[in-house]
Amino acid sequence: MPTYSAPVKDVTFLLNDVLEVQRHGNLPGFADATPDMIDAIVSEGARFCEEVLAPLNAVGDREGCTRHDDGSVTTPTGFRDAYATYRDNGWIALSMPEAHGGQGLPSTLNTVIQEFMTGANLAWSMYPGLSQGAAAALMEHASEAQKALYLPKLASGAWSGTMNLTEPHCGTDLGQIKTKAVPNGDGSYKISGQKIFISAGEHDLTENIVHLVLARIEGAPEGTKGISLFVVPKFLPDDNGEPGARNLVSCGSLEEKMGIHGNATCVMNYDEATGWLVGEENRGLAAMFVMMNEARLAVGVQGLGQSEVAYQNAAAYAKERLQGRSLSGAKYPDAKADPILVHPDVRRTLLSIRAFNEAARALVLWTALQSDIAHRSDDEKAAQAADDHMGLMTPVIKGVLTDVGFDNTVAAQQMLGGHGYVEEWGMSQFVRDARIAMIYEGANGIQALDLVGRKLPKNGGRAVMAFFTEVGTFLKENGENADLAPLLGPLKSGLDDLQGATMWFMNNAMKAPDNAGAGSSDYMHLFGTVALGYMWARMAKVARAKLAAGDEDTEFLETKLVLARHFMERHMPETALRRARVEAGAETMMSLAAEAF
C-alpha cells in the first residue's frame, strides 16, 4: 500500500524564509500567524492527513460511493468519521472571517492544508474544499440575511456546499444554460432543470448541503447576460435556521468515473426546488466566478498533491528495488544488484518530478499570499497589484500544475515497472485521480485561452508587465552574485522567450485571432516554466544565504541548490521550444478542411 508524508519542512521553509509571511503582520489575521503558530498548524494538519486521510485513499478508490433508491448517497467506509474529526477540530473554519464563525487566519495556511489533503486523499478533500468555495461566493455576493444563515453553518462544517454549473448540453458555454427560475412571489423562486458532474452533490457527511445553482429567470436575456445565481439547500432552513422540510432537489444518479471514486459526482435534478437569488438578477456568472476562481486554484493544488504523493512512493521504490548494476560499476557489490536509483535515467525522472513539485509549491503559496494581501490590505495599490497577480496566475496554476502533475504521476508509475500497473501498489490510483484535474473547473485549453485572450490584455497588460518587471528586477539586483550565476542565465533566457512570445501575440493575434488560439497552450506552459524558474531562483538565494550564515540544516539547503540547477539545466531550455511553437502561428493548424479529420 502506498504511503504519504506531508512536506512540512518544505512548507515552513517557504513560509518563514522565502515568503517571510511575518512581514505582513499588519494584515488582519497575520499577527496570530507566528512561526510557532504556523509550525503547530502545519504539523497538526500533516498528522491528520497522514494518519486519518491517507489510509482511506485506497478504501475510497475500491469502494466508491453508493446511491440508494431514495436518492441518498453513502460515502466509503471511514469517510464520515474522518469528516467528523476534521469538522470538530475546526479545520474548515481556519481562514474564514471571525464574523462568520471562522478563525480568521491567513488563507495561505488553508492552502497548505489543502495540498496535504489532496496528496493524502484527493477524493475526500473535495467535500470540504467545495464548501470553502461556496462560502467565498456567499461572502462576496449574498445578502446579509443569507450570510447570517449560511456562513456560520459552512464555517462550522455542519453544512457543506456545492457548485452547479454544467448541464448535459453545455459545459464551458454557460450561455446555453436551460435551468429556469420562476418567481414564487415571496422572494423565493422555483428552480427546475438538471445539472451534471456535480462534485459532492449528495453524501452523508453533513446534515445539509447548500447548492449554488446557475439558472435563468423567465424573460431574462439570452446568453450569459441572462444568468442568475441561486442558493438552493437540500433541506429548507426552518425558523431557527436548522434543516427543515426536504427540498425538491435530488441525486438522479452517480457518474461512473475513471478516478476519484470516493467522491460523489452526481446528476442533480431540480424539480421546482425552492431557491433564493444571490446578488443581482442576471449577474450570476460574475458571482459564481468568485467560486470558480477559488476552485481553479484549488484544482492546481490537486495536481501538485498527486504529483507529490506519486513522487514519494516512486522514490521509495527506487531506493529499494534491486535491478542491474550501475553504469560506472557496482555501488553495492555485496548485494546481488544495485537499487535502480543508481541509474541516471531513474534519477532524471525523480529529480524532474521533485524539482517541479517544490517550485510549484512555492508558486502556489506565493499566489495564496497575494490573495491574502488582495482581500485584507487597506493599501489600495498593494491590494490592486496582488489582485492583478491572482488573476494572471490563476490559469497558469490551474493549467500547468495539473498538466505536469498528471505527467508526473505517469512518470512515477513508470518507476515501478509492472508493479506500477498493478492496483495493489497504488500508483494507478494516482494516475487516474490526477487525470480529472486537467478537465474540471475549465479544461486546460480553456485556461490557456483565458490567459492569452483575457488576462494578458486586461488593464492594458498591467499584470503581465508587473510580472516581467519583478523577474527582471530580481535578475538585475542579483546579477553580480556569482553563486546564482548558473541559475540567472537560464532564467534570463526564459524571460526573454516569454517576453518575445508575448510581443508576437501583440503583433499577430489581433489581426488573426486564431494565432492566439493556436499558441495559447504553449504560451501557458512557457509562462509556467518561467514562473517556476523564478521560484527556484528565489529559493536558491535564500538557501545560499542560510548556508553562508551557518545554518546547520546543510543537507536540506544543499539539496535545494541541486534541484534548482537541475530545473534550470533540464526544464528552462523548454522555453525556446514553446516560443517557437507560439511563433509558428495558426496557418498550418487551420488549413485542413473539416472533412480531412
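Residues numbered from 1 in each chain as written. Predicted model: local features only at pLDDT ≥ 70, side-chain atom pairs only at ≥ 80, totals over all residues. Heavy atoms only, no water.

Summing up its helical and strand segments, the protein has 15 helices and eleven strands in all. The C-alpha radius of gyration computed for the protein amounts to 24 Å, which stays within 12% of the reference 25 Å derived for 597 residues, consistent with globular compactness. When the backbone C-alpha atoms are referred to their principal axes, the protein occupies close to 80 × 60 × 60 Å. Going through the 597 residues of the protein one by one, you find that 57% of them count as buried. Long-range contacts, defined here as pairs at least 24 residues apart, represent 73% of the contacts in the protein between residues at least 6 apart. For the protein, the exposed area adds up to about 25000 Å²; of that, 51% sits on carbon and sulfur atoms. Both charge centroids of the protein, one from 51 positive and one from 74 negative side chains, sit 5 Å from each other. (Helix = DSSP H or I, 4+ residues; strand = E, 2+ residues; numbered from the N terminus. Rg over C-alpha atoms; globule rule 2.2 N^0.38 Å. Buried < 20%, exposed > 50% of the residue type's maximum accessible area, 1.4 Å probe, protein only. Contact = heavy atoms within 4.5 Å. Areas by Shrake-Rupley, 256 points an atom, 1.4 Å probe, with all protein chains shown as cover. Lys, Arg positive; Asp, Glu negative; His and termini not counted. Charge placed at Lys NZ, Arg CZ, Asp CG, Glu CD.)

What follows deals with the pattern of salt bridges. Counted under the stated rule, the structure contains 32 salt bridges. Residues joined in a network through salt bridges with shared partners are D10, E115, E308, R354, E358, R361 and K560. (Salt bridge = Lys/Arg side-chain N within 4 Å of Asp/Glu carboxyl O.)

Pairing of strand β4 (residues 180-183) with strand β5 (residues 188-199) involves four bridges; the strand directions are antiparallel. Bridging across to β5, V182 finds its partner in K190. Between β4 and β5, which pair antiparallel one after the other, the connecting turn spans four residues, and G185 there sits at a positive phi close to 95°. (Pairing = 2+ DSSP bridges.)

Right, let's talk about helix α5 (residues 144-156) for a bit. The first and last C-alpha atoms of α5 sit 18 Å apart over 13 residues, in line with the 18 Å expected at 1.5 Å per residue. Of all the bends in α5, the largest measures some 30° and sits at Y150, one to four residues before the proline P152. For α5, the set of buried residues is Q146, K147, Y150, L151, K153, L154 and A155. A positive phi of about 85° marks G157, the residue just after α5. (Expected span 1.5 Å × (residues − 1). Bend = angle between axes of the 7 residues up to and from the residue.)

Next up on the list: helix α14 (residues 554-570). Taking 1.5 Å of rise per residue, the 17 residues of α14 would be expected to cover 24 Å, and the 24 Å separating its terminal C-alpha atoms lies within 8% of that figure. Within the span of α14, buried status applies to F556, L557, K560, L561, L563, A564, H566, F567 and M568. Where the residues of α14 are buried, they touch α1 (8-18), α7 (344-376), α12 (485-508) and α13 (514-548).

Turning our eyes to something else, we now look at the packing of aromatic side chains. Aromatic ring pairs are defined here through the distance separating the ring centres and the angle between the ring planes. This structure, assessed with the given rule, holds 15 aromatic pairs. Ring pairs connect the aromatic residues F467, W504, F505, Y523 and F527, which therefore count as one cluster. Cation over ring: R246 sits above F235, and NZ or CZ is 5.5 Å from the ring centre. Over the aromatic face of W366 sits the side chain of R538, whose NZ or CZ is 5.5 Å from the ring centroid. (Phe/Tyr/Trp six-rings, centres within 6.5 Å; stacked < 30°, edge-to-face > 60°. Lys NZ or Arg CZ within 6 Å of the ring centre and 35° of its normal.)

Attention now goes to the environment of T172. With respect to the secondary-structure elements, T172 resides in the loop between β3 (159-164) and β4. Classification of T172 by relative accessible area gives exposed; the value is 56%. A sequence separation of 215 residues divides T172 from D387, and the C-alpha atoms of the two residues are 24 Å apart.

It is worth spelling out the nonpolar core at this point. The biggest cluster of nonpolar side chains holds 144 residues, and the ones touching the most others in it are F116, F467, Y523 and F527. Among the elements that line this core, the one with the most residues is α13, at 16 residues. The contacts of F116, once residues within four sequence positions are left out, are Y4, A6, P7, V8, V11, V42, G45, A46 and C49. One finds A93, M96, A134 and V210 within the second-largest nonpolar core, a separate group that totals 31 residues. (Core = buried A, V, L, I, M, F, W, Y, C linked by side-chain atoms within 4.5 Å.)

Take the packing of helix α6 (residues 284-320) against α7 next. At a closest axis distance of 9 Å, the pairing of α6 and α7 adopts a crossing angle of 150°. One way to sum up the angle between α6 and α7 is to call them roughly antiparallel. Like other packed secondary-structure pairs, α6 and α7 cross with a definite hand, here left-handed. Across from L297, V301, L304, S307, E308, Y311, A314, A315 and A318 in α6, the residues of α7 making contact are V346, L350, I353, R354, F356, N357, A360, R361, V364 and T367. (Axes fitted to C-alpha atoms, helices over the stretch in contact; angles between N-to-C directions. Parallel < 35°, antiparallel > 145°, perpendicular 65-115°, else oblique. Left-handed = near helix turned anticlockwise from the far one by under 90°.)

Following both chains from N to C, one finds helix α2 (residues 35-63) and helix α3 (residues 79-88) inclined at 155°, their axes separated by 10 Å at the closest point. The angle between α2 and α3 places the two elements in the roughly antiparallel class. Note on packing geometry: the crossing formed by α2 with α3 is left-handed. Contacts between α2 and α3 pair F48, V52, L53, L56 and G60 from the former with F79, A82, T85 and Y86 from the latter. Of the residues in the contact of α2 with α3, the class split is seven nonpolar, two polar and no charged. (Nonpolar A, V, L, I, M, F, W, Y, C, P; charged D, E, K, R; others polar.)

This part covers the side chain of S125. Along the polypeptide, S125 turns up in helix α4 (residues 107-141). For S125, a relative accessible area of 5% gives the class buried. Here L122 takes part through its backbone oxygen, which lies 2.8 Å from a polar atom of the side chain of S125. Setting aside chain neighbours within four positions, we find S125 in contact with M117 and T118. (Polar contact = N/O pair within 3.5 Å; in protein donor to acceptor, adjacent residues only side chain to side chain.)

Time to look at the environment of N515. Mapped onto the elements of the fold, N515 is located in helix α13. Residues N515 and G472, spaced 43 residues apart in sequence, show a C-alpha to C-alpha distance of 27 Å. Engagement of the side chain of N515 in a polar contact is seen with the backbone oxygen of N508, the distance being 3.1 Å.

Another point: unusual backbone geometry. Even without a glycine there, the phi angle at E20 is positive, about 50°. The topology assignment puts E20 in the loop between α1 and α2. For I260, which is not glycine, the phi dihedral falls at a positive 40°. Positionally, I260 belongs in the loop between β10 (249-254) and β11 (265-278). For I260, a relative accessible area of 3% gives the class buried.

Shape is all these values report; function is a separate question.
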